[in-house]
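# Analysis of the macromolecular model
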Amino acid sequence: MENSTQPVSEAPVTNGTTLPTTNGAVSMGNGAVDVPAQDFTQSPGNYRYEPQLQAQSQTKTLAEPISADEIALYDRQIRLWGVKAQEKLRTANVLLINMRALANEIAKNLVLAGIGSLTVLDSSIVVEDDLGAQFCVSEEEIGKNRAEAAASQIRRLNPRVALQVDTEDIQFKQPDFYAPFDMVIATDLDIATLSTINASCRLCNRPFYASGTHGFYGYIFADLIQHDYVIEREKSNRPTALAPETFTRSIVATSTKKENGKVIEMVTKREIYSPMVLANTSPLPAEQTNSRRRKLQVPPLLSCLRALWEFYTISGNMPSHSHPDLALFTSLATEKHQELLLPAETLRSDFLRSFLQNIGSEIAPITAFLGGQLAQDVINVLGQREQPIQNFLLFDGEEFKGPVYALHPIFPDMDSILEPPIAAPVAGAEMPMPMPMPV
Amino acid sequence: MGRDRFVRQSLGALYSRIKQARILMVGAGGIGCELLKNLVLTGFGEIHIVDLDTIDLSNLNRQFLFRQEHIKKSKALVAKESAAKFNPHIKLEAYHANIKDPQFNIEWFQGFKIVFNALDNLDARRHVNKMCLAADVPLIESGTTGFNGQVQVIVKGKTECYDCNTKETPKTFPVCTIRSTPSQSIHCIVWAKSYLFTEMFGTSDDEAPEFDHSEDTENAKEIENLRKESQALNSIRQSMGSVDFARKVFEKVYKDDIDRLRSMEDMWKTRQPPAPLNFDGLSKAAEGISPSIAQQDQTTWTEAENFAVFCDSLKRLSSRLQKAQAQDAEAAAPSVLTFDKDDDDTLDFVAACANLRSIIFGIERRSKFDIKQMAGNIIPAIATTNAMTAGLCVLQAFKVMREDITKAKMVFLERSGARVINSDTLKPPNPNCSVCGVMQSRLIVDPSRATLNDLVEDVLKTQLGYGDEFSINNDVGTLYDPDLDDNLSKSFVDLGVKTDSFLTVIDDEEENPRVNLSLSISEKSLPGDTKPVQVPGKLHIARKPKEVPAPTANGASNGHAEITGTKRKRSLEEDSQREPKRGKIQMNFNTDGFLINDVVIADDQNDGAIVIDDD
């Protein structure tokens, strides 16, 4: 019954440029901030779920304001992000692809936080290995579909959240499949699949996260296309200029309010993103490679992840410990490391060994950390608060390192161009092509 | 293939030690639920869980081992049940108990390979820190508040302990600010909760810890007036339940007391004088306002609405108190009510009373939701921060288990945009720390014959070579010093010094004093021909370090400057490698004892300059 029940959108999805979304498409040019999420609150007709699909959840219609019960349940988080962000969360529809340990963590965090609806998608079967770090499945569920097995546990975490299960292979999904979702998260997949999902999300203007772990190592990639968010701070004596702050971020609006005798400034910032296919061939930001000291700080994990993706694209497999595989992987890693203009000595053999040792593995402390980080970013993005990940987070759980790099097709010799190089890339707009790599 | 395939793959030889490890987790709340899941999945062989708390509705947004049907049940027991399903091969032991209970003594702590603190208060954290130091067991200490989280590894003799840095104490307010010259919402809330509520429904001589009496001598006259006011209010309490009770209370605190304050003209030269309220006028204005307005906790109530909630909650509380008093009329101590943020009758009263007082002093009114947070010291808490922090706890445990303490770190969650974690190398113990900078020993005492004099003469003076200038203290106070010798002839039993309690010997010699000596008592019957008080083995007590470095200041600032969107150029570790001077990082404790990462970074929009505030 739960199989492949797709939430059906009543909103038009064909014209990506006019489709309202939680992010990006909301105009804030007049300085008005804290814009209500128009697609959720203003038109009950946009409500996407058929009540009969929510057998176990308490249906909440859009006309219904947040209840006293919900405020009591979510008290401790509302005190952090406010009722308005909670209201945005409770109507958000999220797709989570591939239910391994990392996705178990993400699902737990999003469902506890009280998102509106979660669809978990996986076509594979629970095997014994899954029991190691996936707390949503148990021994009795070996042989069952992995999304279905996990869903029964996830549902118990918060009966208010509408939970859908999709057991179809992600490869068979058409681009319009993604349109009903406010957020798409894909975990532990290869680069080709991730890029395809990302491209489909761009077609229907949907924010996209990719994440994966290999034992002690992991990453999060974000393509939010164009995302506006509001930060609040005490107003400074110096006026806030509506201007770019970085290559990708600019201040687009400000307004003020009074709170406890203090003047609070609400600053709307806008981040612009690149799709994964471009980010994966982009150089490190210039400020990261313009001094030797800073180059030495970049973990070799970035080169190794790129090498791993390419290895899989070439061979269709993960590297085994056979000699030819190790040789190919090492040469790919070296190549990626050079492309990133990183010094050879940071691609240490002990690191390569440790990385190869961890490929394909999932362990609880790492999936807990990364799943927590990703869910928090998703919650903040849905609530339009806080700086989101821009755009590639590396996590090394052996070294306690978690740097975030903005990987965009901006090449060092183009530094002098001080404009955001990526034209707000909404669907239909032209995407910049990656430039040839300077040697 | 199998459940432990991936931990074997990633952890290698370490996994077999993890499988055999017996570990303790103190606290099964926000961090605890996440941590227990990680520990069970990672395969730690035997896990003991201690928590004295029960489950509340407001826990369910993050403590995922608990559900609606578990409310009011023991956190430790339910956590154990829920987590057992994640891996049936792990042995779990749960205690619904206080970690300070005597059953959890030093020997018991010594049975664990690692202890994890997942606590929410300073007192229990300090206790576990002390026990782990005494038992010489590594402690992994963690804390979260809002988006901030941090993990610290504490190993006796190798790293700083929890108490090597001074912790910020809870905020107090001068009595006169609360009683006479409030200027912020919090002053009115403290007045309503700690003064008015207590005078009306509590034990009136209960003194709230929020009051700071340090300036009392300067205001002796006003303090005396305030004392008279309290007495008058207390006599009004006798008419509780009468028809005009609400009017009497109202006119006393919102009219008569205010008129008296107003008459003290000196006080209002630079402040806006308070304006008394009118009971009859407000009664009229509040006609038709339903008491159910009290359920709207997000809106800021009007003056009349506050009045309606005041009258209604006063009635509710009065009838509760009278009912309770009637029931146990024979009991020695009369029934009282205490403020509880989750008890709506008490919260409604405090919210309405605080707002009415705010109106009088021209202070902004607050919603019940906000007042609950301020009156109840509520710390925002979310699942994701706890999940990340608990993940880091286990990663730190791997370093400890590999006996590679140099790779363990002080780790913080960061939200700068440039990275998501920041780490700092663990610092060596602070030689002046009053907790770990001490000599620790067991003291074996024969309870049938040992006296304090045996400790002073046989052990301290004869065996350890102390001079005359020293004192012996326990958590009650000083038992002995050169001017206090009344207790010398008393037995340990008479002094209440029992097994597993601590005595601290402080050397007061002017020349080269010893570090403090902390003695943990073990009662044992000793052969009659031996001394009745003994220290096992030989003790070499170090001398206090000569130069006392200035203590690291805990700045008054607890504000998180806006850090979104800035790019810190360096991580803390890089900073500390380059510049040995510390002070870039301030560790502050909020009122609930969470250690938070308080790197203050000012975001300057125009030139991108980064200012790291380190005063």
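Because the structure is a prediction, the values reported are computed rather than measured.

Before going further, it helps to examine the overall build of chain B. Across its full length, chain B carries 17 helices and 20 strands. Expressed as a percentage of the 615 residues in chain B, the buried residues total 55%. If you take every contact in chain B between residues at least 6 apart in sequence, the share linking residues at least 24 apart comes to 70%. About 26800 Å² of surface is accessible on chain B, with carbon and sulfur atoms providing 49% of the total.

The number of helices and strands found in chain A is 13 helices and eleven strands. Here chain A holds 439 residues, and the buried ones make up 62% of them. Counting contacts in chain A only where the partners sit at least 6 residues apart, residues at least 24 apart contribute 70% of the total.

Bring the parts together and some accessible area is lost; that lost area is often taken as the interface size. With 77 residues of chain B at the interface, the matching set in chain A holds 77 residues. Counting each side, the surface lost to burial between chain B and chain A is near 6700 Å², with a carbon and sulfur contribution of 56%. Our enumeration of links across chain B and chain A arrives at seven salt bridges. A salt bridge links B:Arg402 to A:Glu398; the shortest N-O distance between them is 3.2 Å. Here chain B is connected to chain A by 21 residue pairs in polar contact (both at pLDDT 80 or more). If you list the elements that add at least two residues to the side of chain B that touches chain A, you get helix H1 (5–11), helix H3 (30–42), helix H14 (368–376), helix H15 (383–401), strand E9 (409–413), strand E10 (421–425) and helix H17 (572–578) of chain B. Among the elements that make up the side of chain B that touches chain A, the one with the highest residue count is H15(B) (twelve residues). Per-class residue counts for the side of chain B that touches chain A are 29 nonpolar, 22 polar and 26 charged.

Residue and element names in this part refer to chain B. Across the sheet, six strands lie side by side as E13-E12-E14-E15-E11-E16; this open sheet has mixed pairing. One side of each edge strand has no neighbouring strand; the edge strands of this open sheet are strand E13 (478–480) and strand E16 (533–534). Note that strand E12 (residues 470–473) and strand E14 (residues 502–507) share four bridges and pair antiparallel. Paired with Phe-470 across the strands is Asp-507, a residue of E14. Packed onto the sheet, helix H16 (residues 452–463) meets strand E11 (439–445), E12, E13, E14, strand E15 (517–523) and E16 and runs at close to 130° relative to E12.

Right, let's get into the packing of helix H4 (residues 101–113) of chain A against helix H13 (residues 364–382) of chain A. Residue and element names in this part refer to chain A. Taken N-terminus to C-terminus, the directions of H4 and H13 make an angle of 40°; their axes are 8 Å apart at the nearest point. On the basis of their axis angle, the class for H4 and H13 is oblique. Here the hand of the crossing between H4 and H13 comes out right-handed. Facing Ala-101, Leu-102, Glu-105, Ile-106, Asn-109, Leu-110 and Ala-113 of H4, the residues of H13 in contact are Thr-367, Ala-368, Leu-370, Gly-371, Gly-372, Leu-374, Ala-375, Val-378 and Ile-379. Grouping the constituent residues of the contact of H4 with H13 by class yields eleven nonpolar, four polar and one charged.

Here we come to H13(A). The first and last C-alpha atoms of H13(A) sit 26 Å apart over 19 residues, in line with the 27 Å expected at 1.5 Å per residue. When you tally the buried positions in H13(A), you get 19 out of 19 residues, the bulk of the element.

Residue and element names in this part refer to chain B. One pass over the full model with this rule turns up 63 salt bridges over all chains. The shortest N-O distance in the salt bridge between Arg-316 and Asp-345 comes to 2.7 Å. A residue pair is termed long-range when its members are at least 10 positions apart, and Arg-316 in helix H12 (residues 303–327) and Asp-345 in helix H13 (residues 344–360) qualify at 29 residues. Given the relative accessible area of 24%, Arg-316 is considered partly exposed. Ionic contacts of the salt-bridge type, sharing partners, join the residues Asp-312, Arg-316, Arg-320, Asp-343, Asp-344, Asp-345, Asp-348 and Lys-368 into one network.

For the rest of this paragraph, the subject is the confidence of the model for chain A. When the pLDDT values of chain A are averaged, the result is 83; 79% of them are 70 or greater. Low pLDDT, under 50, characterises residues 1–61 of chain A; the stretch is placed with 123 contacts to residues that sit more than four places away or in other chains.

What follows deals with the packing of helix H10 (residues 245–263) of chain B against H13(B). Residues and elements named next belong to chain B. Contact geometry for H10 and H13: axes closest at 12 Å, N-to-C directions at 20°. As the angle between them shows, H10 and H13 are arranged roughly parallel. Considering how the two elements wind past one another, H10 and H13 form a crossing that is right-handed. Residues Phe-250, Tyr-254 and Ile-258 of H10 touch H13, and the partners they reach there are Cys-353, Leu-356, Arg-357 and Ile-360. When its residues are assigned to classes, the contact of H10 with H13 shows six nonpolar, no polar and one charged.

Here we take up the confidence of the model for chain B. Residues and elements named next belong to chain B. Counting all residues, the mean pLDDT for chain B is 84, and 85% of those residues have values of 70 or more. Within the model, pLDDT remains below 50 along residues 548–569, and this stretch shows 65 contacts once partners closer than five positions in the same chain are excluded. Low pLDDT (under 50) marks residues 576–615, which in the prediction has 124 contacts with non-local residues, meaning those over four places away or in another chain.

Take the side chain of A:Asp396 next. Relative to the elements of secondary structure, A:Asp396 occurs in strand E10 (residues 392–396). Separated by 2.9 Å, the side chain of A:Asp396 and the backbone nitrogen of A:Glu398 make a polar contact.

Residues and elements named next belong to chain B. The buried fraction of strand E6 (residues 148–154) is high, at seven of seven residues. Hairpin connection from strand E5 (residues 139–145) to E6: two residues lie between these consecutive antiparallel strands, with Gly-146 at a positive phi of about 55°. As defined by bridge partners, E6 adjoins E9 across two bridges and the pair is classed as antiparallel. Opposite Val-151, over in E9, you have Val-411 as the bridge partner.

Attention now goes to the side chain of A:Asn158. On the secondary structure map, A:Asn158 appears in the loop between helix H5 (146–157) and strand E3 (162–166). With near-sequence residues (within four places) excluded, A:Asn158 lies in contact with A:Tyr74, A:Val111, A:Leu112 and A:Gly114.

Turning to the sheet that holds strand E8 (residues 249–259) of chain A, a few remarks are in order. Residues and elements named next belong to chain A. One open sheet holds the three strands; their spatial order is E7-E9-E8, and the pairing between them is antiparallel. The open sheet is flanked by strand E7 (226–234) and E8, the only strands paired with a single partner. Going across the sheet, the axis of each strand differs from the next one's by a mean of 20°, ignoring polarity. As defined by bridge partners, E7 adjoins strand E9 (residues 262–272) across nine bridges and the pair is classed as antiparallel. Looking at E9, one finds that His-227 is bridged to Glu-271.

Residue and element names in this part refer to chain A. A complete count under the given rule lists 36 aromatic pairs over all chains for this structure. Seen from their ring centres, Phe-351 and Phe-355 are 6.3 Å apart, and the 25° between their planes marks the pair as stacked. Of the two residues, Phe-351 and Phe-355 are both situated in helix H12 (residues 349–358); the distance of four residues between them amounts to about one turn of the helix. Both residues of the pair, Phe-351 and Phe-355, belong to the buried class.

All names here are of chain B. Over its 18 residues, helix H9 (residues 220–237) extends 26 Å from the first C-alpha to the last, a length consistent with the 26 Å expected when each residue adds 1.5 Å. Buried within H9 are the following residues: Glu-222, Leu-226, Glu-229, Ser-230, Leu-233, Ile-236 and Arg-237. In an axial view of H9, the angular spread of the buried residues amounts to 115°, which keeps them on one side of the axis. Where H9 is buried, its residues contact helix H7 (175–179), helix H8 (185–201), H10 and H12.

A few words on unusual backbone geometry. Omega for the bond connecting A:Gln390 with A:Asn391 falls within 30 degrees of zero, at -15°, which places this linkage in the cis form. Note that A:Asn391 resides in the loop between H13 and E10. Non-glycine residue A:Gln384 carries a positive phi angle of around 55°. Inspection of the secondary structure assignment puts A:Gln384 in the loop between H13 and E10. Even without being a glycine, B:Asp500 presents a positive backbone phi close to 70°. Judged by relative accessible area, which is 22%, B:Asp500 ranks as partly exposed.

This model, assessed by the stated rule, comprises zero disulfides over all chains. B:Cys436 carries a free sulfur, and the closest cysteine sulfur to it, the one in B:Cys164, is 3.4 Å from it.

What counts, and at which threshold
Residues numbered from 1 in each chain as written. Chains lettered and ligands numbered in written order. Predicted model: local features only at pLDDT ≥ 70, side-chain atom pairs only at ≥ 80, totals over all residues. Heavy atoms only, no water. Helix = DSSP H or I, 4+ residues; strand = E, 2+ residues; numbered from the N terminus. Buried < 20%, exposed > 50% of the residue type's maximum accessible area, 1.4 Å probe, protein only. Contact = heavy atoms within 4.5 Å. Areas by Shrake-Rupley, 256 points an atom, 1.4 Å probe, with all protein chains shown as cover. Buried area = accessible area lost by both parts, 1.4 Å probe. Salt bridge = Lys/Arg side-chain N within 4 Å of Asp/Glu carboxyl O. Polar contact = N/O pair within 3.5 Å; in protein donor to acceptor, adjacent residues only side chain to side chain. Nonpolar A, V, L, I, M, F, W, Y, C, P; charged D, E, K, R; others polar. Pairing = 2+ DSSP bridges. Axes fitted to C-alpha atoms, helices over the stretch in contact; angles between N-to-C directions. Parallel < 35°, antiparallel > 145°, perpendicular 65-115°, else oblique. Left-handed = near helix turned anticlockwise from the far one by under 90°. Expected span 1.5 Å × (residues − 1). pLDDT = per-residue confidence, 0-100. Phe/Tyr/Trp six-rings, centres within 6.5 Å; stacked < 30°, edge-to-face > 60°. Arc of directions from axis to C-beta. Disulfide = S-S within 2.5 Å.

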